[in-house]
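The lines below spell out each chain.
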Amino acid sequence: MIGNRTSLLDLPREQLGRRHKKRAATPGPVGRAVDGRRVNASLTPAVRREGTEITTVEGLTPDEDDDLHPLPQAFIEQDAFQCGCCTPGQIMSGIGCIREGRTDSPEEIREWMSGNICRRGCYTKIASAVEQAAAGK
């Protein structure tokens, strides 16, 4: 049974036994895809998404033998993360931007990803990684 206060961020770790993204010190957007659309997992009650398909960053490369998804690969190549706390949310939001066609410029990418906060200030490199992955789509 999923409690009314369990978020999509907390559900995998607390109830499904997955080693998963921990909650940051302050609430805010951490990306998940629900039925292919991006949502703020830390603010979305899991009970409201019952029966939907939820994708996390771990689900982008389902098998260890598969190639890394193009956006996480671009994050590596662009050195687009430091501490890694925001990386899953940034990647899922970046995938949303690519799917939605919101990647025409670094400014557009930053605008459409503006809800995801990187405390280390890697926004330029994150936008470059999204641009790189979008160019290869």
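Heads up: these notes are all about the structure in this document. Only a predicted model underlies this, so the values are computations on that prediction, with no experimental measurement involved. (Residues numbered from 1 in each chain as written. Predicted model: local features only at pLDDT ≥ 70, side-chain atom pairs only at ≥ 80, totals over all residues. Heavy atoms only, no water.)

## What to know about the environment of Gly96
Alright, step 1. By secondary structure assignment, the location of Gly96 is in helix 3 (residues 87-100).
Alright, step 2. Remark: the alpha-carbon pair of Gly96 and Met113, spanning 17 residues in sequence, is separated by 9.0 Å. (Helix = DSSP H or I, 4+ residues; strand = E, 2+ residues; numbered from the N terminus.)

## Things to note about the packing of helix 3 against helix 5 (residues 123-135)
Alright, step 1. Helix 5 packs onto helix 3 with a crossing angle of 45 degrees between their chain directions and a minimal axis gap of 10 Å. When the axes of helix 3 and helix 5 are compared, the pair comes out oblique. Crossing hand, helix 3 versus helix 5: right-handed. From helix 3, Gln90, Gly94 and Ile98 reach across to helix 5, where they touch Tyr123, Ile126, Val130, Ala133 and Ala134. (Axes fitted to C-alpha atoms, helices over the stretch in contact; angles between N-to-C directions. Parallel < 35°, antiparallel > 145°, perpendicular 65-115°, else oblique. Left-handed = near helix turned anticlockwise from the far one by under 90°. Contact = heavy atoms within 4.5 Å.)

## Overview of a negative patch on the surface
Alright, step 1. On the surface, Asp63, Glu64, Asp65, Asp66 and Asp67 cluster together into a patch of negative charge.
Alright, step 2. Considering the arrangement of structural elements, one finds Glu64 in the loop between strand 3 (54-55) and helix 2 (70-78). (Patch = residues over 30% accessible without salt bridge, like charges linked within 9 Å, V, L, I, M, F, W, Y side chains within 5 Å. Areas by Shrake-Rupley, 256 points an atom, 1.4 Å probe, with all protein chains shown as cover. Salt bridge = Lys/Arg side-chain N within 4 Å of Asp/Glu carboxyl O. Lys, Arg positive; Asp, Glu negative; His and termini not counted. Charge placed at Lys NZ, Arg CZ, Asp CG, Glu CD.)

## Observations regarding the pattern of salt bridges
Alright, step 1. Tallied over the entire structure, the rule returns two salt bridges.
Alright, step 2. One salt bridge connects Lys125 with Asp79, and the closest N-O pair in it is separated by 3.6 Å. In this pair, Lys125 is assigned in helix 5 and Asp79 in the loop between helix 2 and helix 3, connecting sequence segments 46 residues apart.
Alright, step 3. With relative accessibility at 44%, the residue Asp79 sits in the partly exposed group.
Alright, step 4. A salt bridge links Glu107 to Arg110; the shortest N-O distance between them is 3.8 Å. Residue Glu107 and its partner Arg110 are located together in helix 4 (residues 106-112), separated by three residues, close to a single helical turn. (Buried < 20%, exposed > 50% of the residue type's maximum accessible area, 1.4 Å probe, protein only.)

## Observations regarding the packing of helix 2 against helix 3
When two helices pack together, their arrangement is given by the angle between the helix axes and the distance between those axes.
Alright, step 1. Where helix 2 meets helix 3, the axes come as close as 10 Å, and the angle between the chain directions of the two elements is 125 degrees. Relative to helix 3, the element helix 2 is oriented oblique. Along this stretch, helix 2 crosses helix 3, giving a crossing that reads as right-handed. Judged by residue contacts, Leu71, Pro72 and Phe75 of helix 2 engage Thr87, Gln90, Ile91, Gly94 and Ile95 from helix 3.
Alright, step 2. Of the residues that constitute the contact of helix 2 with helix 3, the class distribution is five nonpolar, three polar and no charged. (Nonpolar A, V, L, I, M, F, W, Y, C, P; charged D, E, K, R; others polar.)

## Side note on the packing of aromatic side chains
Any aromatic ring pair is given by two values, namely how distant the centres are and how the planes are angled relative to each other.
Alright, step 1. As enumerated under the stated definition, the model contains zero aromatic pairs in all.
Alright, step 2. Taking NZ or CZ as reference, Arg102 lies 3.9 Å from the ring centre of Trp112, over its face. (Phe/Tyr/Trp six-rings, centres within 6.5 Å; stacked < 30°, edge-to-face > 60°. Lys NZ or Arg CZ within 6 Å of the ring centre and 35° of its normal.)

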